[in-house]
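# Per-entry structural report
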Amino acid sequence: MALRHLRVLPHPLTNFTPKLSPNRPKHRVCFSLSASQIMASISRKVLVPIADGTEPMEAVITVDVLRRSGADVTVASAGNQLTVQALHGVKIVADAVVSDVVDTTFDLVALPGGVPGVDHLRECGVLEKLVKKHVEDGRLYAAVCAAPAAVLGPWGLLKGVKATCYPAFMEKLASYTTTVESRVQLDGKVVTSRAPGTTMEFGVALVEQLYGKQKADEVAGPLVMRSSHGDEYVFAELNPVQWTTENPPKVLVPIANGSEEMEAVIIIDILRRAKANVVVASLEDKLEIVASRNVKLEADMLLDEAAKLSYDLIVLPGGLGGAQTFAKSETLVSLLKKQRENRYYGAICASPALVLEPHGLLKGKKATAFPALCNKLSDPSEAENRVVVDGNLVTSRGPGTSIEFALAIVEKLFGRKLGLELAKTIVFTSP
């Protein structure tokens, strides 16, 4: 019997209406989506507040990982200015100030740590009101490093849950809630984590809470994350030489539109923790660049000005757009060729394959790069290693290897003792 007067209904999530042949009877069309597909199809709104003194790795890694999942992330300054002076001289330009977003409903609020950044977040009355209303509405909230103990605890938002934080703040956290030493802790609607070295895991855990495990796995794969956090980091070294430098060593980190923000900030942050003199130079016509996941960073100077100085090390972050700009810059390529002769240079992710290789800067060298680009290396024999040091060259694979990459550079510049100390300080390895 023919069916009549039946409508084809668009799916409420996809808004998709199939086209039916005019010669066929009109049947009602039903769709069946898995829970993970439904979750992945919904855009999630996330707030990441930052302030002067925020830990830049924690802020930028959290934003970067969440934006990879498709989340609509707003970076909001808890101060009156969009430009935030984060720790270690990193300048982050926010998307808005907190007072601009008080009427926005977010699915997640995630607080980075860093002192005095957490103090500024805690003292921001507008933010406190926003977050408390957010929690009262039963929505997901999160904090890393000092923020659980210095912000969520004093706001009364950790009662009756288990939480973790930076090791030095655990005693303070214990006055507000039950403490655990997990790298990432989920309890109900709150996710907490320990430090810069656990933030990538923290970010992926937040993706899972927003979108499900399948999406979290999709995001984690290309990051090339470390599978085990033992007592020590390692790297492959060939043709070892003693790196000799000025005291402190002078390091150039170029950035451009499309540079990978996690890689850039991790390199800058860790090298400055080691007391290297790091110059961040923009290849654009202004100091501010828009990185690959739309994080806005401000350089110290333009490349033309930076090129007048000499450096012990030049190290390139990755990111497809940034690497392409690097490769086209006659000024930067000239600096790298001169650097190769008698000083030190390095690159991570897309930059070994797209910058160093085309300009002959890997000739006679073993190197690695982002896995999908290793076929562009003339000698990929060591490419499976997460970090490769060959004489005066150091290369690495991607965002998830950036900390190991930076620690390997610290070791070559300052010695293994400091590298191991920093790895524990940021809780990359066991404290």
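Residues numbered from 1 in each chain as written. Predicted model: local features only at pLDDT ≥ 70, side-chain atom pairs only at ≥ 80, totals over all residues. Heavy atoms only, no water.

## Things to note about the overall build of the protein
In terms of regular secondary structure, the protein is built from 15 helices and 21 strands. A compact globule built from 431 residues would reach a C-alpha radius of gyration of about 22 Å, and the protein, at 23 Å, matches this within 12%. Dimensions of the protein along its principal axes, counting C-alpha atoms only, are 80 × 65 × 40 Å. Looking at the protein as a whole, 55% of its 431 residues qualify as buried. The long-range fraction of contacts in the protein, counting pairs at least 24 apart against all pairs at least 6 apart in sequence, stands at 69%. Charge separation in the protein, taken as the distance between the mean sites of 48 positive and 47 negative side-chain charges, equals 7 Å. (Helix = DSSP H or I, 4+ residues; strand = E, 2+ residues; numbered from the N terminus. Rg over C-alpha atoms; globule rule 2.2 N^0.38 Å. Buried < 20%, exposed > 50% of the residue type's maximum accessible area, 1.4 Å probe, protein only. Contact = heavy atoms within 4.5 Å. Lys, Arg positive; Asp, Glu negative; His and termini not counted. Charge placed at Lys NZ, Arg CZ, Asp CG, Glu CD.)

## A short note on helix α9 (residues 261-273)
Compared with an ideal rise of 1.5 Å per residue, which puts 13 residues at 18 Å, α9 spans 18 Å between its outermost C-alpha atoms and is within 8% of the ideal. All of the buried residues in α9 are E261, M262, E263, A264, V265, I266, I267, I268, D269, I270, L271 and R272. K275, located one to two residues past α9, shows a positive phi value of around 75 degrees. (Expected span 1.5 Å × (residues − 1).)

## Details of the sheet that holds strand β10 (residues 184-187)
With respect to topology, 7 strands assemble into an open sheet ordered β5-β2-β1-β6-β7-β11-β10, the strand pairing being mixed. The open sheet has two edge strands with one neighbour each: β5 (96-97) and β10. As defined by bridge partners, strand β2 (residues 72-77) adjoins β5 across 2 bridges and the pair is classed as parallel. Note on β5: the bridge partner recorded for A76 is A96. Sitting on the sheet, helix α4 (residues 125-136) touches β1 (45-50), β6 (108-111) and β7 (140-144), and the angle it makes with β6 is about 130 degrees. Sitting on the sheet, helix α7 (residues 199-211) touches β1, β6, β7, β10 and β11 (190-193), and the angle it makes with β7 is about 175 degrees. (Pairing = 2+ DSSP bridges. Axes fitted to C-alpha atoms, helices over the stretch in contact; angles between N-to-C directions.)

## Details of the sheet that holds strand β12 (residues 236-238)
Read from one edge of the open sheet, 8 strands run β12-β20-β21-β19-β18-β13-β14-β17, paired in mixed fashion. The open sheet has two edge strands, β12 and β17 (301-302), and neither has a second partner. For strand β19 (residues 344-348) and strand β21 (residues 393-396), the ladder comprises 4 bridges, and the chain directions are parallel. Looking at the pairing, G346 lines up with V394 of β21. Packed on one face of the sheet, helix α12 (residues 330-342) meets β13 (250-255), β18 (313-316) and β19 and runs near 130 degrees to β18.

## What about the packing of α7 against helix α8 (residues 213-223)?
Axis angle and axis distance: for two packed helices, these are the angle between their axes and the distance between the axes, and together they describe the pair. The contact between α7 and α8 brings their axes to 7 Å, and the two run at 150 degrees. With respect to each other, α7 and α8 are oriented roughly antiparallel. Where α7 crosses over α8, the handedness of that crossing is right-handed. From α7, M200, V204, V207, E208 and Y211 reach across to α8, where they touch K213, K215, A216, V219, A220 and L223. Among the residues forming the contact of α7 with α8, the class breakdown is 8 nonpolar, no polar and 3 charged. (Parallel < 35°, antiparallel > 145°, perpendicular 65-115°, else oblique. Left-handed = near helix turned anticlockwise from the far one by under 90°. Nonpolar A, V, L, I, M, F, W, Y, C, P; charged D, E, K, R; others polar.)

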